[in-house]
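Letter by letter, the chains look like this.
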Amino acid sequence: METKNIMIVGVGGQGSLLASKLLGRLLLTRGFDIKVSEVHGMSQRGGSVVTYVRFGDKVYSPVIDKGQADYIVSFELLEAARWTEFLKPNGKIIVNTQKINPMPVIIGAAEYPENLAQKMIDAGIDVDAFDALTLAEQAGSAKAVNIVLMGHLSRNFDFSEEEWLEAIEKSVPAKFLELNKTAFMLGRNA
Amino acid sequence: MKQLMLGNEAVARGLYEAGCSFVSSYPGTPSTEITEAIAKYPEVYAEWAPNEKVAMEAAFGASLAGRRSFCGMKHVGLNVAADPLFTISYTGVNAGMVIGVADDAGMHSSQNEQDSRHYAESAKIPMLEPSDSAEALELTKLAYELSEKFDTPFLVKMCTRVSHSQSIVELGERKEVVGEYKKDIAKYVMMPGNAKKRHPVVEARTRALVEYAETAPINRVEAGSDNSMGIITSSTSYQYVKEVVGDTYPVMKLGMIWPLPEQKIKDFAASVQKLVIVEELDSFIESHCKNLGLECVGKEMFSCIDELSQNKVAAKLAAAPISGVKLEENIPPRPPVMCAGCPHRGLFYTLKKNKLTVLGDIGCYTLGAVAPLAAVDSVICMGASVSGIHGFCKSQQGAADNKTVAVIGDSTFMHSGITGLVNMAYNESNATVIIVDNSITGMTGHQQNPTTGFNLKGDPCAKIDLETLCRAVGIKRVQVVDPYNLAQCDAVIKEELAANEPSVIISRRPCALLKYVKHKAPLAVESEKCVGCKACMKIGCPAISIVDGKAKVDATQCVGCGVCEQLCKFGALKEV
C-alpha cells in the first residue's frame, strides 16, 4: 500500500498529541509500518503545532512535506489555511471552525483573515469544515475537540467503529472513556 | 512485542535492555524524554543533575565503579560537558559509558544549530547515529558492547526528527551487567605523565575502530539498479534519501558516523559514477571523503542551514512533488507566547515600564523578548545573563548599574548562573540579578531541579534554598517578590537598582501550568466601565483581546492571575 499521510495541525495545548496517539494505536493493530512525528518544546507554548502521521507497507521519512498530505486535520481555522500547500492535489482538509487569535492579532499588529473556509473552497481545496467545539462541549468537555475531529476523520477510512473505539479505550484514562466515546461518535456522525 | 515508541523512549529502552544502571542528565529539547523514560524503569537509578558537566562526570564515576552508565543532553549541553568529554576519551571506561546527544537542526527549540558530530572527531570518541526508533534501541545496546570492547565512552547522536518521531520497535529482555572497580592510576589519573601515555592509546583505538567500521553491519551498502550515482548518508537524511530514490541508486547507510570506514567508502565510490553525500547541517562525511581524495558533491546541493526533508532531497535527486494550493491571503504567524497566568509576565511588564536593559537567559522567560513586552536585550546560553551583566555594568563604570538587570530562571541559575553570581560578589559588581523562580524547569516540559524539593522520580528530596545560597556566596541584599503584585515588583526593583552593592531579587510564583497550582476564577470585563484604552493589552496576555473597541477576556484561558486588573484605571476588569 502506498504511504498515507495525515497532518494534525493546531495551536499548542489543544490536544493534538492525544489524537496522534490514538491514530498510532489503531494503525499498529492493523499491522502497518507507522511513523508519528511531533515537535516538543518551545512550539507548545501557544504556538503553531503540527504532528505528522504516516502509515503504509514501509514508511521512510518521519515528516510530511509540501504536496504530500492526504488529510489535514486542523483544530483551528487559521492553522488549516497556514498548511494548505502541504495538501496533495486530491487531498482533503477537515477543519474545526473555531478561531483562536494569535498574538500578532491580539496586539493589533495583524488581522485574522475573514471567511477562510470559503476562501479555501474557492481556491479549489476539498474542505470539510464543521463546529467540533460545540460537539465536544455537547459530549461533556471542550477538551474533547481532538476526539471529535478523529471521529470526523474516521468517516474517510474503512476501519470499523469497533476498531476506533478500542483504540480510544487504550489511549484515554478510564474516567474519561465514556466522554471520549461520545465525542468520537458525535464527530463520526457530524 | 512490537510497540510504537519515540526515538528518545527507544534509547531509554536500549539503556534498560543493555543493563545500564546509572543515568544522570540535564533536560534539553529534543533530548529530555530519554531520561524521563528511563526513570520509569525501577532497575535503573536515574537523576537530573544541575548541569551537563555534572551529569557526564557522574556517569563517568559510575562507569569507573563498574556500572554501565549514561548521560543525556541536547547539542548545546555537550558544550557544557566538553571539558570531561575530551579527557574521558583518554581514560576510557571501566564499565560501558554512553553519552546521548540530540541535535536540533531547524532550531525548533534552540539558540543555535551546531553539529555535534564535530565533537566525536575532535574528542576522538566514536559516535553512532540511529535513523529511527528501532535503530535507536539497537545502537544504544551496541554502544555498550563496543564501549567495553574498545575501552572508550561512546556517543549516540540523535536529532529532533529521530528523537521526536515514533516508529515501531521490537522489545527485548534486560541483561544485568555488574563490574567491579579496579584501581589503575596510570589509566585514570590524567596528569601529564600519565596522559602522555594515554594519547597514543587513543590514536591506536581510533585505528582499531576504523577496522571495526570497515566490516560492521551498521555501515551497510544497499544495492541499487542504477550506479550512475551512489549516495552516502546517515540518520534522518537516510530516510529522506530512501523515500526519494528507493532502490534506484546504491546507498551507503552509515550507523557509525565517526570514525568512518575509509576503505569501504573508497570501494563504494569506485563502484558508482558519481558520489553524492546527503547529510544535515555541516559537511562532515563530505569533508572526510574529500580528505580521502574522493571526488564527491554534498553541500553544493544540500545547504548546511536548516533541516533536510524529502522534498529538498527530491529537488536535487529526482523531482519534488507539486505543492498544494497556497492561499492568496496574509496568514498571520502564531509564535509561541507566555501562557495566560504565566508568572513571568508581570515581572517583564515591570522591567519594560522602567525602561531597563535586560540580559536574559534560556527558558520560557526568553519569551519576554517577544512583542508586546519586548523587554529582553540579549540571550546567549545557560547562565550568560548573570556573567554578562557583570561585564556590562563593570565596563560602564557605574553608568549602567541603575538601569540594567539580569533575568534567569531557577533551574538555569542552578545550572550555571551561580558561578556568575560568585564572580559578581568576588569582583564587587553593583548589578542586580532577578531569579524568576517558577518552582520547575518549565520550557522543557516540567522537570524537577535542585530548588524544587523533588527528584526525577517525583519523590521528595533535599531542596536548595535560593535565598540562603545567594547570601552564602556574598550577596547581602536578597529580596523576594510576587510577580503577580506589580506595585511590589516595581518598588523592590527600584530599591535594588538604587542600592550601591550587588543584589538578587527572587521573583517567586509557581508555573501556572503546574497541576498543584489552584487557579482563581477568570476575570470578566464590565463593558460600561471599559473605555478601550488598551492598557491591559500591554502585557501580551493571550486571554485578553479587543472586540468592538472593548477588552474581552477568554474565560477558557484566563486563570485569574489579576495582573491585567492592576493595569486598568477604570476598574473594568473584575473577578466574576
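Note that the structure is predicted; figures quoted are calculated from it, not measured.

Here is what the cut-offs are and how they apply
- One numbering rule holds for all chains: residues counted from 1, following each sequence as written.
- The lettering of chains begins at A and the numbering of ligands begins at 1, in the order of writing.
- Totals for whole chains, interfaces and linings use all residues, but because this is a predicted model, local features are given only for residues with pLDDT of at least 70 and pairs of side-chain atoms are given and counted only at 80 or more.
- The basis for every side-chain value is the complete set of non-hydrogen atoms in the structure, without hydrogens or water.
- Here a strand is any run of E in DSSP of at least two residues, a helix any run of H or I of at least four, and the numbering for each starts at the N terminus.
- Summary of the burial criterion: residues with accessible area below 20% of their type's maximum are buried, those above 50% are exposed, and those between are partly exposed, where the area comes from a 1.4 Å probe applied to protein chains only.
- By the convention used here, residues are in contact when the closest approach between their heavy atoms is within 4.5 Å.
- A radius of gyration in this sense is built from C-alpha atoms; the matching globule rule multiplies 2.2 Å by the number of residues raised to 0.38.
- All accessible-area figures derive from a Shrake-Rupley calculation using a 1.4 Å probe, and residue coverage is judged against the displayed protein chains alone.
- Positive charges are assigned to Lys and Arg, negative charges to Asp and Glu, while His and the chain termini are left out of the count.
- The atom standing in for a charge is NZ when the residue is Lys, CZ when it is Arg, CG when it is Asp and CD when it is Glu.
- Strands are treated as partners if at least two bridges between them are detected by DSSP.
- Only C-alpha atoms enter the line fits that serve as axes; for helices the fit covers just the stretch in contact. Angles between N-to-C directions range over 0 to 180 degrees.
- For our purposes a nonpolar core is just a set of buried Ala, Val, Leu, Ile, Met, Phe, Trp, Tyr and Cys residues, chained together by side-chain atoms within 4.5 Å.
- Crossings are sorted by hand: turned counterclockwise from the far helix by less than a right angle, the near helix makes the crossing left-handed, and turned clockwise it makes it right-handed.
- Only Asp, Glu, Lys and Arg are considered charged in this grouping, and only Ala, Val, Leu, Ile, Met, Phe, Trp, Tyr, Cys and Pro are considered nonpolar; every other residue, Gly among them, is considered polar.
- In short, buried area is how much 1.4 Å probe accessible area vanishes from two parts on joining, totalled over both.
- When a carboxyl oxygen of Asp or Glu lies within 4 Å of a side-chain nitrogen of Lys or Arg, that pair is called a salt bridge.
- Side-chain atoms alone can form a polar contact between residues adjacent in sequence; in general such a contact is a pair of N or O atoms within 3.5 Å, and within protein one must be able to donate a hydrogen while the other accepts it.
- The predictor attaches a confidence to each residue, called pLDDT, with possible values from 0 through 100.
- Expected span of a helix, by definition, is 1.5 Å for each gap between consecutive residues, and there is one gap fewer than residues.
- Only residues whose relative accessible area exceeds 30% and that form no salt bridge enter a patch; like-charged residues are grouped when within 9 Å of one another, and nonpolar side chains (Val, Leu, Ile, Met, Phe, Trp, Tyr) when within 5 Å.

Asks: Could you clarify how one ought to interpret the overall build of chain B in this entry?
Replies: From N to C terminus, chain B includes 20 helices and 22 strands. In chain B, buried positions account for 60% of the 576 residues. Long-range pairs, those at least 24 residues apart, make up 74% of the contacts in chain B with a sequence separation of at least 6.

Asks: What am I meant to see in the overall build of chain A here?
Replies: Along chain A, the regular secondary structure elements total 8 helices and 6 strands. Helices (α) and strands (β) of chain A occur, in sequence order from the N terminus, as β-α-β-β-β-α-β-α-α-β-α-α-α-α. Taking 16 Å as the expected radius of gyration for a compact globule of 190 residues, we find that chain A reaches 16 Å, a close match to that expectation. Seen along its three principal axes, the alpha-carbon backbone of chain A occupies a region of about 45 × 35 × 35 Å. The proportion of buried residues among the 190 residues of chain A is 62%. Considering only residue pairs separated by 6 or more positions, chain A has 65% of its internal contacts joining residues 24 or more positions apart. When the accessible area of chain A is evaluated, it comes to approximately 7200 Å², of which 48% is carbon and sulfur surface. Averaged over its 20 positive side-chain charges, chain A has a centre that lies 5 Å from the centre of its 23 negative ones.

Asks: What am I meant to see in the sheet that holds strand β15 (residues 404-409) of chain B here?
Replies: By definition, the strands of a sheet pair up through backbone hydrogen bonds, in either a parallel or an antiparallel sense. Residue and element names in this part refer to chain B. Taken in spatial order, the 5 strands make up an open sheet running β14-β15-β16-β18-β17, and their pairing is parallel. Both outer strands of the open sheet, β14 (357-359) and β17 (477-481), are each paired with one neighbouring strand and no more. Sheet twist, expressed as the mean angle between neighbouring strand axes with direction ignored, is 25°. Lying on the sheet, helix α19 (residues 486-498) is in contact with β15, β16 (432-437), β17 and β18 (503-508); it crosses β17 at an angle near 170°.

Asks: Any chance you could explain the side chain of Asn180 of chain A here in plain terms?
Replies: Examined against the element boundaries, Asn180 of chain A turns out to sit in helix α8 (residues 177-189). Setting aside residues up to four positions removed in sequence, Asn180 of chain A forms contacts with Ala144, Ile147, Ile168 and Val172 of chain A.

Asks: Is there a simple way to explain the sheet that holds strand β5 (residues 87-96) of chain A in this structure?
Replies: What the 8 strands build is an open sheet, ordered β6(A)-β5(A)-β4(A)-β1(A)-β3(A)-β2(A)-β8(B)-β1(B); its pairing is mixed. Unpaired on one side and paired on the other, β6 (126-130) of chain A together with β1 (2-6) of chain B mark the two borders of the sheet. Across the sheet, the mean angle separating the axes of adjacent strands is 20° when strand polarity is ignored. Pairing geometry for strand β2 (residues 33-38) of chain A and strand β8 (residues 165-170) of chain B, over 3 bridges, is antiparallel. Residue pairing for β8 of chain B: Lys35 of chain A is matched across the bridge by Ser167 of chain B. In this fold helix α1 (residues 16-29) of chain A packs onto β1 (4-11), β2 and β3 (48-56) of chain A together with β1 and β8 of chain B, with an angle of close to 5° to the strand it touches most, β3 of chain A.

Asks: Is there a simple way to explain helix α11 (residues 235-245) of chain B in this structure?
Replies: Given 3.6 residues per turn, any residue in an α-helix points the same way as the ones three and four places further on. Within α11 of chain B, 9 of the 11 residues are buried, which leaves the element mostly enclosed by the surrounding structure. Residues Ser235, Thr236, Ser237, Tyr238, Gln239, Tyr240, Val241, Lys242 and Val245 of chain B constitute the buried set of α11 of chain B.

Asks: Is there a simple way to explain the nonpolar core in this structure?
Replies: Buried together is how nonpolar side chains tend to be arranged in soluble globular proteins. Ranked by size, the top nonpolar core spans 71 residues in total, and within it Phe348, Leu351, Val407 and Val433 of chain B carry the most contacts. Here this core gets 6 residues from one element, more than from any other, and that element is helix α17 (residues 410-426) of chain B. What Phe348 of chain B contacts, discounting residues up to four positions off in sequence, is Met338, Val358, Tyr365, Gly368, Leu373, Ala375, Val376 and Val407 of chain B. Membership of the second largest hydrophobic core comes to 43 residues, among which are Leu77 and Leu116 of chain A together with Val241 and Phe302 of chain B.

Asks: Sorry if this is basic, but what is going on with the pairing of strand β7 (residues 154-159) of chain B here?
Replies: Side chains on a regular strand alternate between the two faces of the sheet. Residues and elements named next belong to chain B. Of all 6 residues making up β7, 6 are buried, and the element is well covered by its neighbours. Covered by surrounding structure in β7 are Phe154, Val156 and Met158 together with Leu155, Lys157 and Cys159, the residues of both alternating faces. The sheet contact formed by strand β5 (residues 97-103) and β7 spans 6 bridges and is parallel. Of the residues in β7, the one forming a bridge with Gly100 is Val156. Both strand β6 (residues 127-128) and β7 contribute to a ladder of 2 bridges, which runs parallel. Across the sheet, the residue bridging to Leu128 is Val156, located in β7.

Asks: Quick question: what am I supposed to make of the packing of helix α5 (residues 132-139) of chain A against α8 of chain A here?
Replies: Packed helix pairs are characterised by how far apart their axes lie and by the angle those axes make with each other. Residue and element names in this part refer to chain A. Two elements in contact, α5 and α8, have axes separated by 8 Å at closest approach and are oriented at 145°. Relative to α8, α5 is oriented so that their crossing is right-handed. Of the residues in α8, those in contact with Leu135, Gln138 and Ala139 of α5 are Leu179, Thr182, Ala183 and Leu186. Each residue belonging to the contact of α5 with α8 can be placed in one class, and the counts come to 5 nonpolar, 2 polar and no charged.

Asks: Explain the interface of chain A and chain B to me, please; I cannot follow it from the model alone.
Replies: For an interface, size is often stated in terms of accessible area lost upon the parts coming together. Between chain A and chain B, the residue contacts involve 53 residues of the former and 56 residues of the latter. For the pairing of chain A and chain B, the buried interface totals around 4600 Å² over both sides, and the portion due to carbon and sulfur atoms is 60%. Inspection of the chain A/chain B interface yields 4 salt bridges. With its nearest N and O atoms 3.2 Å apart, the salt bridge here joins Lys119 of chain A to Glu329 of chain B. At the junction of chain A and chain B, the tally comes to 21 residue pairs in polar contact (both at pLDDT 80 or more). Among the secondary structure elements, those contributing two or more residues to the side of chain A that touches chain B are α1, β2, β3, α2 (77-82), α3 (103-106) and α4 (116-122) of chain A. Residue contributions to the side of chain A that touches chain B peak at 6 residues, all from β2 of chain A.

Asks: Just to check I follow, could you spell out the environment of Lys88 of chain A for this structure?
Replies: Residues and elements named next belong to chain A. Relative to the helices and strands, Lys88 is located in strand β5. Separated by 25 residues in the primary sequence, Lys88 and Pro113 place their C-alpha atoms 23 Å from one another. Non-local contacts of Lys88, meaning those with residues more than four positions away in its chain, are made with Glu2, Thr3, Gly67, Gln68, Ala69 and Asp70. Looking at Lys88, its side chain comes within polar contact range of the side chain of Asp70, at 2.9 Å.

Asks: Looking at this structure, how should I read the side chain of Ser69 of chain B?
Replies: Residue and element names in this part refer to chain B. Within the element layout of this structure, Ser69 appears in strand β4 (residues 69-74). By relative accessible area, which is 0% here, Ser69 ends up buried. With residues near it in sequence (within four places) discarded, Ser69 still touches Cys20, Phe22, Ala59, Ala62, Ser63, Gly96, Met97, Val98 and Tyr144.

Asks: Please explain the confidence of the model for chain B as it appears in this structure.
Replies: Close inspection of predicted coordinates is inappropriate for parts of the model with low pLDDT. Put simply, chain B has an average pLDDT of 97, and 100% of its residues get 70 or more. The complex prediction reports pTM at 0.97, with the ipTM value standing at 0.95.

Asks: Got a minute to help me understand helix α7 (residues 133-150) of chain B in this structure?
Replies: Residue and element names in this part refer to chain B. With 18 residues, α7 extends 25 Å between its outermost C-alpha atoms, agreeing within 8% with the 26 Å of an ideal straight helix rising 1.5 Å per residue. Listed in full, the buried residues belonging to α7 are Ser133, Glu135, Ala136, Leu137, Leu139, Thr140, Leu142, Ala143, Tyr144, Leu146, Ser147 and Phe150. At the N-terminal end of α7, a side-chain oxygen is found 3.3 Å from the backbone nitrogen of Ala134, two or three residues along, and the residue is Asp132. Asp151 occupies a position one or two residues after α7 and carries a positive phi of about 55°.

Asks: How should the pattern of salt bridges be read in this particular structure?
Replies: Oppositely charged side chains may form a pair once their charged atoms are brought near each other. Residues and elements named next belong to chain B. Counted under the stated rule, the structure contains 39 salt bridges over all chains. Taking the shortest distance from any N to any O, the salt bridge between Lys157 and Asp103 comes out at 4.0 Å. Taken together, the residues span a long stretch of sequence, with Lys157 in strand β7 and Asp103 in strand β5 at a distance of 54 residues. Across the pair, exposure class does not vary: Lys157 and Asp103 are buried alike.

Asks: Before we go on, may I ask you to explain a nonpolar patch on the surface in this structure?
Replies: On the surface, Ile185, Val189 and Met191 of chain B cluster together into a nonpolar patch covering about 260 Å² of accessible area. Here Val189 of chain B is to be found in the loop between α9 (185-188) and α10 (192-215).

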